[in-house]
Amino acid sequence: MENQQQDLYNPNVLINIGPNHPATHGTLRVMCRINGEVIEDANCEIGYLHRAIEKLGEEKTYHQWMVYTDRLNYCSALNNNITYAMTVENLMKISPTDRCMYIRVVCMELSRIIDHIVCIAANALDLGAMTVFFLLIHWREEAYTMIESMCGMRLTTTYARIGGMSYDLPDGFAQRLKKFCDEIPKAIDEIEGLLTGNRIWIDRTKNVGVITKEDCAQFSVTGPCARASGIDMDLRRDRPYYIYPELDFDVVVGSGGDVYDRYLVRMEEMRQSVRILKQCNEKMPNGPLWVDDKRVLIPNKLDVYTKMEVLIHHFKIFMEGIDVPKGEAYTCTEGPNGEVGFYIVSRGGPKAWRIRVKSPSFTHFQVFEKTIKGGKIPDAIAHLGSVNIIAGELDR
Amino acid sequence: MKTSSVSPNAKYLATQMALTEYLKTQFGTGRKIELDNFEEVIVWAKDPADAKRCVKDFMTDKNIQMDFLSDLTAYDNKDGEDGDKRFVLVYQLFSRTFHTRIRLKCLLDENESALTIVDLFAGANWLEREVYDMFGIDFKGHPNLRRIMMDERFTGHPLRKEYPMKQREPFKDNIRLHLGANEDK
């Protein structure tokens, strides 16, 4: 260390970014060895937001643990909620009702839009484009207001339940969703006009933070980051769940794998999500929201207060928890960042034996460590924003 | 409207079932092959060396092409439900060509070490570090096996069943950051 202070031309200067840094958007820490302005070596340190969520999963009942899934990827809590509910349903061999599936797909696509908005807006803000941030965050607020009308909460939603959803859609939701779907493409067009052909944006993002196709395969990169590198992979199409086979949408694939391509892929995915939302809104079926299965069905509140048997049933579900049979299941969905998966090992009873969260950010941060080498520090900031590392799901 | 009895992804069960049959004929000798609650196939490797061989074979086999490591984790088998050894190591493999999944499992004793697969999937590096951190499973040949979530001075392995839920071990200062991903431990 003493040597480094004496020698201004030392090629081994260490720069520490994070864990408290405005551009890291979370508790991420990167140690870089720089030569001039070029990063020659980098090392990431994670675990600053480790809350032992997987360990807690072994202590809590299946419903109690639902709230922890919100705290994984807090930009798209609904995706985690629903994937977790889906895993437990797969364990119990329950298939949700049609209406439930449609509502879940609406939720997942809404939160995908929110997540992409956060990613693009924050990435642009890091690179100095503040207008984009304000324009986009307005639409995030609109989407959050819609989610609030569905479940009463904005950021940490806890909307899904095993076997159904906590509330049905509110009155007039279809009109609100239609208005949102009609208006947001104009905002996306406006952002495209501000960024896509912008000289400064292109200079800052093109050929910056390139993740090659080989790296994606080696480091298990999924989601928009993999698609931007030219890997044609989307779980919504490849291993469809819920009603995705009936919906018409395109999988967006880029080619360069740089920050610019990831931005373009995210922009186009938002448009595809709007397309899915429109179709869901038209096709939204009526009918029951909950599966007719005594093991998981949460009784109607009015019945709980008036009927003895229903009260006992309600008490048993919430005090003892639901009885999940022995076995295991791994279920993953296409989250906004990539493959979000839950692996649950059950030994029977109301608590899981082991819950494992497969989070996309974990693999993305690992490849980040490799791909920032050779770039400059401002490039690392652009790269970090575009892979959308969420510390909550990185550290769990 | 009636409740749909079959999940729409049921048609993908067909390809998954064909994979199970293929595995039973090609890789079934000496290995237990079973299905989980979601009809996905679980292959039990004989020992750690066999697990690595399986990962490699599944990757290179033209008919299954498991070229994507979705996840690598472990769980505590303290109650002996899955065998007489202490831990179960779990590899989640995915084929980008056929969109099928294999869950490869391997029983491990407390003092037995697994073989690293970093040479096959570079992404296994951090995943194996996490398994080491949480369960104390050693990976032979790993380039940089040290704790990832916990502080380096931390004692014990939190996801083992005997580790108490409420145990705390705070440190006042931050750790010195190691530079270079391939530094020796």
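The sections below set out a description of the structure shown in this document.

Reading the values: rules and limits
Starting afresh in each chain, residues are numbered from 1 along the sequence in its written order. Think of it this way: whatever chain is written first is A, whatever ligand is written first is 1, and the rest follow in order. Only residues with pLDDT of 70 or above have their local features reported here, since the model is predicted, and side-chain atom pairs are shown and tallied only from 80 upward, although totals for entire chains, interfaces and linings are computed over all residues. Only hydrogens and water are set aside; all other atoms, that is, all heavy atoms of the structure, feed into the side-chain values. Points on a 1 Å grid, built from protein atoms alone, make a cavity when a 1.4 Å probe fits but cannot get out and make a pocket when they are open with protein on both sides within 12 Å along at least 5 of 7 lines; residues with an atom within 4 Å of a point are the lining residues. Grid points are joined across faces, edges and corners, and a volume is the space filled by probe spheres set on the points. Going along the chain from the N terminus, every DSSP run of H or I of four or more residues is numbered as a helix, and every run of E of two or more is numbered as a strand. Only strands that DSSP links by at least two bridges are regarded as paired with each other. For helices, the fitted axis covers only the stretch in contact; all axes are lines through C-alpha atoms, and the angles between them, taken along N-to-C directions, range from 0 to 180 degrees. Any two residues whose heavy atoms approach within 4.5 Å at even a single point are treated as in contact. The cut-offs for exposure are 20% and 50% of the maximum accessible area for each residue type, with area from a 1.4 Å probe on protein chains only; residues under the lower value are buried, those over the upper are exposed, and the others partly exposed. In this count, Pro and Cys sit with the nonpolar residues alongside Ala, Val, Leu, Ile, Met, Phe, Trp and Tyr, while Asp, Glu, Lys and Arg are called charged and the others, Gly among them, polar. Two parts placed together each lose some accessible area under a 1.4 Å probe, and the buried area is that loss summed for both. In what follows, salt bridge is the name for a side-chain nitrogen of Lys or Arg lying within 4 Å of a carboxyl oxygen of Asp or Glu. N or O atoms within 3.5 Å of each other form a polar contact, as long as, within protein, one can give a hydrogen and the other can take it, and as long as residues adjacent in sequence are counted only when both atoms are side-chain atoms. One fewer than the residue count of a helix, multiplied by 1.5 Å, yields its expected span. Starting at the helix axis, one direction is taken to each C-beta atom, and the arc is that of these directions. Criterion for a disulfide: a pair of cysteine sulfur atoms at a distance within 2.5 Å.

## Considerations on empty space enclosed by the protein
By the definition in use, this model includes 9 cavities of 30 Å³ or more. Looking at the largest cavity, the residues that line it are A:His50, A:Ala52, A:Ile53, A:Glu54, A:Lys55, A:Arg396, B:Glu130, B:Met134, B:Met150, B:Pro158 and B:Leu159. Counting only elements with at least two residues in the lining of the largest cavity, the list comes to helix 2 (53-57) of chain A together with helix 3 (124-135) of chain B. Here the element with the most residues in the lining of the largest cavity is helix 2 of chain A; it accounts for 3 residues.

## Here we look at the sheet that holds strand 2 (residues 29-35) of chain A
All names here are of chain A. A sheet is described by the order of its strands in space; here 3 strands give the open sequence 1-2-3, paired in antiparallel fashion. Each end of this open sheet is capped by a strand with a single partner; those strands are strand 1 (13-17) and strand 3 (38-45). On average, adjacent strands in this sheet sit at an angle of 25° to one another, irrespective of strand direction. Where strand 1 lies against strand 2, 5 bridges are found, and the strand directions are antiparallel. Its bridge partner being in strand 2, Leu14 is matched across the sheet by Arg33. Across the sheet, helix 15 (residues 360-371) is in contact with strand 2 and strand 3; its angle to strand 3 comes to roughly 155°.

## Remarks on the pairing of strand 2 of chain A
Residues and elements named next belong to chain A. Among the 7 residues in strand 2, 5 count as buried, and that is most of the element. Sheet topology places strand 2 next to strand 3; 7 bridges connect them, and they run antiparallel. Bridge pairing in strand 3 links Asn35 to Val38. The hairpin formed by strand 2 and strand 3 contains 2 residues between the paired strands, and Gly36 there has a positive phi angle of roughly 70°.

## A word on the layout of surface pockets
Using a probe with the size of a water molecule, rolled over the atoms, empty space left in the structure can be pinpointed. In this model, the largest pocket occupies a volume close to 680 Å³. Together, 25 residues line the largest pocket, and A:Gly47, A:His50, A:Arg51, B:Met150 and B:Phe154 are the ones closest to its centre. Its residues assigned to classes, the lining of the largest pocket comprises 13 nonpolar, 4 polar and 8 charged.

## Let's talk about the interface of chain B and chain A
Facing 68 residues of chain B, the contacting portion of chain A comprises 70 residues. Summed over both partners, the interface of chain B with chain A comes to about 5,900 Å²; 54% of that surface belongs to carbon and sulfur atoms. Across the chain B-chain A interface, the total number found is 11 salt bridges. Between A:Arg347 and B:Asp79 there is a salt bridge whose closest N-O contact spans 2.9 Å. The interface formed by chain B and chain A contains 31 residue pairs in polar contact (both at pLDDT 80 or more). Contributions of two or more residues to the side of chain B that touches chain A are made by helix 1 (12-26), strand 3 (68-76), strand 4 (87-94), strand 5 (101-108) and helix 3 of chain B. Take the side of chain B that touches chain A: its biggest share by element is 9 residues, from strand 3 of chain B. When grouped by side-chain class, the residues that make up the side of chain B that touches chain A number 31 nonpolar, 18 polar and 19 charged.

## Here we look at the pattern of salt bridges
Residue and element names in this part refer to chain A. Scanning the model with the defined rule gives 57 salt bridges over all chains in all. Between Lys370 and Asp215 there is a salt bridge, with the nearest N and O atoms lying 3.0 Å from each other. Of the two residues, Lys370 is situated in helix 15 and Asp215 in helix 9 (residues 213-218); the sequence distance between them amounts to 155 residues. Arg227 is the partner of Glu269 in a salt bridge, and the nearest nitrogen-oxygen pair spans 2.5 Å. Of this pair, Glu269 sits in helix 12 (residues 259-283) while Arg227 sits in helix 10 (residues 223-228), and the two are 42 residues apart along the sequence. By relative accessible area, Glu269 is classed as buried at 2%. Residue Arg227 is classed as buried on the basis of its relative accessible area of 0%. One salt-bridge network, held together by shared partners, links Glu109, Arg112, Arg227, Asp234, Arg236, Glu269 and Glu334.

## Describing helix 1 of chain B
Each α-helix winds once per 3.6 residues, and so residues spaced three or four apart point in a common direction. All names here are of chain B. In a regular helix each residue adds 1.5 Å, so 15 residues correspond to 21 Å; helix 1 covers 21 Å between its end C-alpha atoms and thus fits that length. Every buried residue belonging to helix 1 is among Gln16, Leu19, Thr20, Tyr22 and Leu23, and all of these are buried. For helix 1, the angular spread of the buried residues around the axis is 165°, confining them to a single face. Exposed residues on helix 1 whose side chains face more than 90 degrees from its buried face are Ala14 and Thr25. Those residues of helix 1 hidden inside the fold are in contact with strand 1 (32-35), strand 2 (41-45), helix 2 (48-60) and strand 5.

## Observations concerning the state of the cysteines
For the structure shown, the criterion picks out 0 disulfides over all chains. Residue A:Cys225 stays outside any disulfide, its sulfur separated by 7.6 Å from that of A:Cys119, the closest cysteine. Take A:Cys225: its relative accessible area is 0%, and that puts it in the buried class. In this structure B:Cys54 is not part of a disulfide, and its nearest cysteine sulfur, from B:Cys106, lies 9.0 Å away. Residue classification places B:Cys54 among the buried residues on the basis of a relative accessible area of 1%.

## Points about the environment of A:Asp41
Summarising the element assignment, A:Asp41 is placed in strand 3. Once the C-alpha coordinates of A:Asp41 and A:Glu369 are considered, the two residues, 328 residues apart in sequence, prove to be 8.6 Å apart.

## Comments concerning the packing of helix 4 (residues 77-92) of chain A against helix 5 (residues 98-126) of chain A
Residue and element names in this part refer to chain A. Remark: helix 4 packs on helix 5, axes separated minimally by 8 Å, with the N-to-C direction vectors making an angle of 145°. In contact with Leu78, Asn79, Ile82, Ala85 and Glu89 of helix 4, helix 5 contributes Arg104, Cys107, Met108, Ser111 and Arg112. Residues belonging to the contact of helix 4 with helix 5 are distributed by class as follows: 5 nonpolar, 2 polar and 3 charged.

## Overview of the side chain of A:Arg140
Along the polypeptide, A:Arg140 turns up in helix 6 (residues 130-151). Not counting residues up to four positions away in its chain, the partners in contact with A:Arg140 are A:Ile114, A:Ile117, A:Val118 and A:Leu155.

## Comments concerning the environment of A:Glu148
Residue and element names in this part refer to chain A. In this structure, Glu148 sits in helix 6. Accessibility expressed as a relative area gives 33% for Glu148, which makes it partly exposed. Glu148 sits 137 residues away from Pro285 along the chain, and the two C-alpha atoms are 22 Å apart. For Glu148, the residues in contact, after removing those within four places along its chain, are Met153 and Arg154.

## Focus: helix 7 (residues 173-195) of chain A
Along its 23 residues, helix 7 of chain A runs 32 Å from first to last C-alpha, staying within 8% of the 33 Å computed at 1.5 Å per residue. If you follow the buried residues of helix 7 of chain A, they end up packed against helix 5, helix 6, helix 8 (199-205) and helix 12 of chain A.

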